[in-house]
Amino acid sequence: MTEIIPAIDLIDGRCVRLTQGDYGRVSAYAMTPADMARAYADCGIRRIHVVDLDGAKASEPANLRTLEAMASIASAPAIEWGGGLKSEHALRQVFDAGATYAIVGSLAAKEPQRFVEWLHRFSPERMVLGADVREGKVSVSGWQEDLPLGIDDLIDGFLEHGLSQCICTEISRDGMLQGPATEMYLRLQEKYANVDFTVSGGIASADDIRALHALGLRKVIVGKAIYEGRISMDELQRLAEECAAE
């Protein structure tokens, strides 16, 4: 089974998409985040991926009211929330506002002991490692800084503390609609069988998702392909049913 997780990126309470994380290459969309959450719920989607881009810049959550509005939707999908989660106070804010899962990226790479503490305090079921990768190395701070740290090294540091979820974004594929870095995800999923990896970056069509499902990859984020009309809501619903049924 492959879980499809639609993405919603937020700036000033609006749905946007960035290309390769570049704030200078922003596309804004008409539907509100709450409308998108409602539409995904109607498609049978169980989890959505939301990134607070304002929060990422400010190093603290900046779209909490939007989160509250999304979480209040009847039958709302579970929300995994990232952006600006630099403190325990910020984590509690997003959980209180309705997020089910918290994504921690830069802090986990640069201050791993704090992420270890959060894994124990909030549980691995709610804490998601965000691992952004460029040419095999971890990138942080909105992809502006590349660390001399490989993705495997990052993951290895958290395994004994119960890490069970990791969203790995291949930066070169993000927003490019050129297909995912499938070989990387297959390698990681085989090496770390007890960690659920989420494919992130490059999904261009329903066929990309079907191919990942056939290979046994467990989760996939899809964003721009939906916003650009390459995957319709009707098709998304069919895909969700297909991937859940097998």
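Preceding block: the structure.
Please read these numbers as outputs of a predicted model, since none were measured by experiment.

Looking only at helices and strands, one finds 11 helices and 12 strands in the protein chain. Taking 246 residues into account, the globule formula puts the C-alpha radius of gyration at 18 Å, and the protein chain, at 16 Å, falls close to it. For the protein chain, the spread of C-alpha atoms along the principal axes amounts to about 45 × 40 × 35 Å. Here the protein chain holds 246 residues, and 55% of them are scored as buried. Of the contacts made within the protein chain by residues no fewer than 6 positions apart, 67% connect residues no fewer than 24 positions apart. As displayed, the protein chain has an accessible area near 10500 Å², and 45% of this comes from carbon and sulfur atoms. With 25 positive and 37 negative side-chain charges, the protein chain shows a spacing of 2 Å between the two charge centroids.

Next up on the list: the pairing of strand S5 (residues 78-82). Within S5, four of the five residues are buried, leaving the element largely enclosed by the surrounding structure. Where strand S4 (residues 47-52) and S5 come together, five bridges link them in parallel fashion. Among the inter-strand pairings, Val50 is bridged to a residue of S5, identified as Trp81. With three bridges connecting them, S5 and strand S6 (residues 101-104) associate as parallel partners. Counted as the bridge partner of Glu80 is Tyr101 from S6.

In this section: helix H1 (residues 33-42). The buried count for H1 comes to seven of 10 residues, which makes it a mostly enclosed element. Looking one or two residues beyond H1, the residue adopting positive phi is Gly44, at roughly 85 degrees.

Further remarks concern the side chain of His49. Residue position: His49 is located in strand S4. The residues touching His49, leaving out its near neighbours within four places in the chain, are Ile5, Pro6, Ala7, Ile8, Glu80, Ile103, Ile167 and Ile221.

Another point: the pattern of salt bridges. All chains considered together, the criterion is met by 11 salt bridges. As a salt-bridge pair, Glu111 and Arg114 come within 3.1 Å of each other at their nearest N and O atoms. If you follow the salt bridges from partner to partner, you end up with Glu88, Arg92 and Arg121 in one network.

We now examine helix H6 (residues 112-122). Among all positions in H6, only Phe115, Val116, Trp118, Leu119 and Phe122 are buried. The arc that holds every buried residue of H6, seen down its axis, measures 160 degrees, which confines them to one face. Looking at H6, the residues exposed on the side facing more than 90 degrees away from the buried face are Gln113 and His120. In the core, the buried residues of H6 are packed alongside helix H4 (88-97), S6, helix H5 (106-110), strand S7 (127-134) and helix H7 (151-159).

Let's shift gears to the packing of H7 against helix H8 (residues 182-191). The geometry of H7 relative to H8 is characterised by a closest axis approach of 12 Å and an angle of 30 degrees between their N-to-C directions. Judged on the interaxial angle alone, H8 and H7 are roughly parallel. In this structure, the crossing between H7 and H8 has a hand that is right-handed. Taken together, the residues of H8 that come into contact with H7 (itself represented by Ile151, Asp152 and Ile155) are Arg187, Leu188 and Lys191. Residues of the contact of H7 with H8, tallied by class, amount to three nonpolar, no polar and three charged.

In this fold, Ile221 is placed in strand S12 (residues 219-222). Sequence separation of Ile221 and His49 is 172 residues, and the distance between their C-alpha atoms is 7.3 Å. Those residues in contact with Ile221 that lie beyond four places of it in its chain are Ile5, Ala7, His49, Glu80, Ile167, Thr198, Val199, Ser200 and Ile203.

Reading the values: the criteria
Residues numbered from 1 in each chain as written. Predicted model: local features only at pLDDT ≥ 70, side-chain atom pairs only at ≥ 80, totals over all residues. Heavy atoms only, no water. Helix = DSSP H or I, 4+ residues; strand = E, 2+ residues; numbered from the N terminus. Rg over C-alpha atoms; globule rule 2.2 N^0.38 Å. Buried < 20%, exposed > 50% of the residue type's maximum accessible area, 1.4 Å probe, protein only. Contact = heavy atoms within 4.5 Å. Areas by Shrake-Rupley, 256 points an atom, 1.4 Å probe, with all protein chains shown as cover. Lys, Arg positive; Asp, Glu negative; His and termini not counted. Charge placed at Lys NZ, Arg CZ, Asp CG, Glu CD. Pairing = 2+ DSSP bridges. Salt bridge = Lys/Arg side-chain N within 4 Å of Asp/Glu carboxyl O. Arc of directions from axis to C-beta. Axes fitted to C-alpha atoms, helices over the stretch in contact; angles between N-to-C directions. Parallel < 35°, antiparallel > 145°, perpendicular 65-115°, else oblique. Left-handed = near helix turned anticlockwise from the far one by under 90°. Nonpolar A, V, L, I, M, F, W, Y, C, P; charged D, E, K, R; others polar.

Geometry only, nothing functional implied.
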